[in-house]
Amino acid sequence: MGNSAKSTWKNILGVIQERINSQSFNTWFSSSQGVELKDDVLLVEFPNSFFIDWIEEHYYSILEEAVEQVNGNKLRLAFKAVKQQGDRPRKKKKRLILSHNETKLQERYTFESFVVGGNNEFAHAAALAVAEAPGEAYNPLFLYGGVGLGKTHLMQAIGNFVHRQYKHLNVLYTQAENIMTELIEAIQKNQQMAYKRKYRTKDILLIDDIQFLYGKERLQEEVFHTFNYLYVQGKQVIITSDRPPREILTLEERLTSRFQGGLVVDLQPPDLETRIAILRKKAEAENVALPSKVSYYIASRVKSNIRELEGCLIRLLALSSLSGQSVTEQLAEEVLKDLLGSTHRITKQMILKNVIDEFGFSEAELKGKKRTQKLALARQTSMYLIRTMLNLSLAEIGTFFGGKDHSTVIHAIGKIENLRKSDVEYYQQIQRITNRING
Ligand code: ADP
Ligand code: MG
């Protein structure tokens, strides 16, 4: 029992290790252990819950892919902290973080854990109204705002609320990028019916980061048929985007003309008080006393992205609990310097440069259209590395390579994945590049 838990987790770690840089792997994964495998749930232990927070936040999709690669669709993961941090002892149950074939929601995104401030008051009220009366209040609900401002959180809070309150309703969360991939596959394999069945049988469909559909008219068309189908039947649709809908005319037109009960609301960056409140809430959830000087110190420096704000706090708490140092401004300063400062940061450009060093093409050639065998391989290698090391979206990668289609990027990633398994020489080559990038 224990053994198979151990080895299953080891296999999953093996996949993860290939995909993220070694420093991150050592920091966040090397102290974890598979401890129990029961009913298709693999329980994994981490030193404390900050690790779990960090991993959920940063490596969710990598984990999901790794689990799938190692165990197909069946396995689910539960994470548990060995030690509880904080002053007061507290019961904390293990957290099931991956639940395949269900709603795809993450449990921690709830209304209770969402801090309301002037920046998001309206969006929050609208989301709550939708959660209480799905399909009736505002349909579709369109949330937009910059990166890390709480769109996914608020959207999933609706999903979690409905999932809890109305058990008979079928909720599905998905990223637009996923839909795109599935749709392209369905079209290629002539299986559009299965695609339709999957999305049209939901009572609440949450589509995150719809900006990936911008400029993809054919896909937009399909997805809007799905929306329309659900909408006509009184099913709730919720959409997020990092850009306002008016930036894409077709989208705006459709939202306003076809979906009359729709509402578009935005999320703004939080002000200082709200940032402090968010830090407090997070610390409270972790059962840690956060000196107000420290929350002020962080909140006044990290301003425009709540994910980064939380990231600082989690790192700070992790560092303090591992080293036994108390949470002070000095420690916060160290962490911030590390996170925002001049540490070895991997970038697209840096990956490209290392591929160029290895293969000997120019940047223009890599981003261009010519496709000799060797050039194509170099291009695909860079796409693959950018995807796996930086976790960028397919669309972003396509744009970086001179506006290539996202199916080209998918193809490249698949090809390299196979090649590194089947061709030892290539495996060594890509390993060399990876090592150089990691420094
Ligand atoms: P987006 O989808 O807009 O990029 P997320 O919803 O992923 O942003 O939010 C980033 C992180 O910040 C998440 O961990 C989320 O829980 C947290 N967060 C965002 N807004 C709030 C808020 N108002 N209160 C508490 N946490 C928040
Ligand atoms: Mg998001």
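Residue positions are given per chain, counted from 1 along the sequence in the order it is written. As a convention, the first chain written is A and the first ligand written is 1, with the rest following in written order. Local features in a predicted model are, by the rule used here, given only for residues with pLDDT of at least 70; side-chain atom pairs are given and counted only at 80 or more, and totals for whole chains, interfaces and linings are based on all residues. The side-chain values count all of the structure's non-hydrogen atoms but skip hydrogen atoms and water molecules.

Novice: Even after reading the chapter, I still don't get the overall build of the protein, so can you show me in this structure?
Specialist: Of regular secondary structure, the protein possesses 19 helices and 9 strands. Here the protein has a C-alpha radius of gyration of 22 Å; the compact-globule value for 439 residues is 22 Å, and the two agree. The principal-axis extent of the C-alpha atoms belonging to the protein is close to 60 × 55 × 45 Å. Any residue under 20% of the maximum accessible area for its type is buried, any over 50% is exposed, and the rest in between are partly exposed; the area is computed with a 1.4 Å probe on protein chains only. Taking all 439 residues of the protein together, 51% fall into the buried category. In this description, contact between two residues means that some pair of their heavy atoms is separated by no more than 4.5 Å. The long-range fraction of contacts in the protein, counting pairs at least 24 apart against all pairs at least 6 apart in sequence, stands at 73%. The way it works is that DSSP assigns letters per residue, a run of H or I at least four long becomes a helix, a run of E at least two long becomes a strand, and they are numbered from the N terminus. Atoms considered for the radius of gyration are the C-alpha atoms alone. The globule rule reads 2.2 Å times the number of residues to the power 0.38.

Novice: Got a minute to help me understand the packing of aromatic side chains in this structure?
Specialist: Each aromatic ring pair is summarised here by two numbers: the centre-to-centre distance and the angle between the ring planes. Planes of paired rings set the category: under 30 degrees apart is stacked, over 60 is edge-to-face and the rest tilted, where pairs are Phe, Tyr or Trp rings (Trp by its six-membered ring) whose centres lie within 6.5 Å. Scanning the entire structure with this criterion turns up 11 aromatic pairs. Note on criteria: charge over ring means Lys NZ or Arg CZ within 6 Å of the ring centre, with the direction from the centre no more than 35 degrees off the ring normal. The ring of Tyr297 has Arg301 sitting right over it, with the charged end atom 3.7 Å from the ring centre. In this structure, Lys367 packs its charged tip against the face of Phe400, placed 4.0 Å from the ring centre.

Novice: Even after reading the chapter, I still don't get the packing of helix H6 (residues 176-188) against helix H7 (residues 192-200), so can you show me in this structure?
Specialist: Two numbers describe a pair of packed helices, the interaxial angle and the distance between the axes. Only the contacting stretch of a helix is used when fitting its axis, a line to C-alpha atoms as for every element, and angles between N-to-C directions run 0 to 180 degrees. Across the interface, H6 lies against H7 with an axial gap of 8 Å and an inter-helix angle of 150 degrees. Judged by residue contacts, Ile179, Glu182, Leu183, Ala186 and Ile187 of H6 engage Gln192, Tyr195, Lys198 and Tyr199 from H7. Classes in brief: Ala, Val, Leu, Ile, Met, Phe, Trp, Tyr, Cys and Pro nonpolar; Asp, Glu, Lys and Arg charged; the others, Gly included, polar. Each residue belonging to the contact of H6 with H7 can be placed in one class, and the counts come to 6 nonpolar, 1 polar and 2 charged.

Novice: What is the right way to read the site of ligand 1 from this model?
Specialist: Not every one of the 19 residues close to ligand 1 is listed here, only the nearest: Gly148, Thr152, His153, Arg307 and Glu310. Between ligand 1 and Glu310 there is a distance of 2.7 Å, counted from an oxygen atom to a side-chain nitrogen or oxygen. Using a 1.4 Å probe, the Shrake-Rupley method yields the accessible areas, and only the shown protein chains count as cover for residues. In isolation ligand 1 offers 560 Å² of accessible surface; the protein chains occlude 96% of this area. Mapped onto the shell around ligand 1, the elements with two or more residues apiece are helix H5 (151-165) and helix H12 (306-323). Classifying every residue of the shell around ligand 1 gives 7 nonpolar, 7 polar and 5 charged. Any residue with a heavy atom lying within 4 Å of a molecule or strand is counted as near it. Polar contacts here mean pairs of N or O atoms no more than 3.5 Å apart (in protein, one a potential hydrogen donor and the other a potential acceptor; neighbouring residues in sequence count only if both atoms are side-chain atoms).

Novice: How do you make sense of the side chain of Thr226 when you look at a structure like this?
Specialist: Within the fold, Thr226 resides in helix H8 (residues 217-232). Given the relative accessible area of 3%, Thr226 is considered buried. Apart from residues lying up to four places away in sequence, Thr226 is in contact with Tyr195, Tyr199, Arg200 and Leu205.

Novice: Whenever I open this one, the packing of helix H18 (residues 406-422) against helix H19 (residues 424-438) confuses me. Can you help?
Specialist: The interhelical angle for the contact between H18 and H19, taken along N-to-C directions, is 115 degrees, at an axis separation of 6 Å. Taken together, the axes of H18 and H19 are roughly perpendicular relative to one another. Here Ile416, Leu419, Arg420 and Ser422 of H18 lie close against H19, whose contacting residues are Val424, Tyr426, Tyr427, Ile430 and Gln431. Looking at side-chain class alone, the contact of H18 with H19 contains 6 nonpolar, 2 polar and 1 charged residues. Each angle is binned into one of four classes, with values under 35 degrees roughly parallel, values over 145 roughly antiparallel, values of 65 to 115 roughly perpendicular, and all other values oblique.

Novice: Looking at this structure, how should I read the environment of Gly262?
Specialist: On the secondary structure map, Gly262 appears in the loop between helix H9 (249-258) and strand S9 (263-267). Between the C-alpha atoms of Gly262 and Gly398, which are 136 residues apart in sequence, the distance is 32 Å. With residues near it in sequence (within four places) discarded, Gly262 still touches Asn139 and Pro140.

Novice: What am I meant to see in the sheet that holds strand S8 (residues 236-241) here?
Specialist: Across a sheet, strands are paired by hydrogen bonds formed along the backbone, either parallel or antiparallel in direction. Read from one edge to the other, the open sheet built from 5 strands follows the order S6-S7-S8-S5-S9, with strand pairing classed as parallel. Each of the sheet's edge strands pairs with one partner strand only, and the pair in question is strand S6 (171-175) and S9. The average angle at which neighbouring strand axes cross in this sheet is 15 degrees, direction not considered. The rule for pairing is simple: two strands pair if DSSP sees at least two bridges between them. Taken together, the 4 bridges between strand S5 (residues 141-145) and S8 define a ladder with parallel strand orientation. Directly across from Phe142, in S8, lies its bridge partner Ile239. On the sheet, H5 packs against S5, S6, strand S7 (204-208), S8 and S9 and is oriented at approximately 165 degrees with respect to S7.

Novice: I'm lost on empty space enclosed by the protein in this one. Help?
Specialist: To find the voids left in a structure, one rolls a probe of water-molecule size over its atoms. Of the grid points, spaced at 1 Å and generated over the protein atoms alone, those admitting a 1.4 Å probe that cannot get out make up cavities, while open sets with protein on both sides within 12 Å along at least five of seven lines make up pockets; any residue with an atom within 4 Å of a point is treated as lining. Grid points are joined across faces, edges and corners, and a volume is the space filled by probe spheres set on the points. The full count for this structure, using the stated rule, is 1 cavity of 30 Å³ or more. Put simply, the largest cavity is a space of about 30 Å³. Asp53, Trp54, Glu57, His58, Arg307, Glu310, Gly311 and Ile314 together form the lining of the largest cavity. When contributions to the lining of the largest cavity are tallied by element, the ones reaching two or more residues are helix H3 (49-71) and H12. Its residues placed into classes, the lining of the largest cavity shows 2 nonpolar, 2 polar and 4 charged.

Novice: Explain unusual backbone geometry here, please?
Specialist: Glycine aside, a negative phi is what most residues show, and trans is what most peptide bonds show. Here Asn139 and Pro140 are connected by a cis peptide whose omega angle stands at -5 degrees. Phi angles above zero are rare outside glycine, and Asp40 is one such case at about 65 degrees. Tracing the backbone shows Asp40 in the loop between strand S1 (33-38) and strand S2 (41-46). A positive phi is found at Asn190, a non-glycine position, where the angle reads about 60 degrees.

Novice: Is there a simple way to explain the pairing of S7 in this structure?
Specialist: Two faces make up the sheet, and in a regular strand the side chains alternate between them. Burial within S7 is extensive, with 5 of its 5 residues counted as buried. Side chains Ile204, Leu206 and Asp208 project from S7 onto one buried face, and the interleaved Leu205 and Ile207 project onto a second face that is buried too. Here 5 bridges tie S6 to S7, and the two strands are oriented parallel to one another. Its bridge partner being in S7, Thr174 is matched across the sheet by Ile207. Alignment of S7 against S8, held across 4 bridges, turns out to be parallel. Paired with Leu206 across the bridge in S8 is Ile238. Handedness of the crossover joining S7 and S8 through H8 is recorded here as right-handed. Here, the term right-handed applies to a crossover whose path from the first strand over the helix to the second runs clockwise when the strands point away from the viewer.

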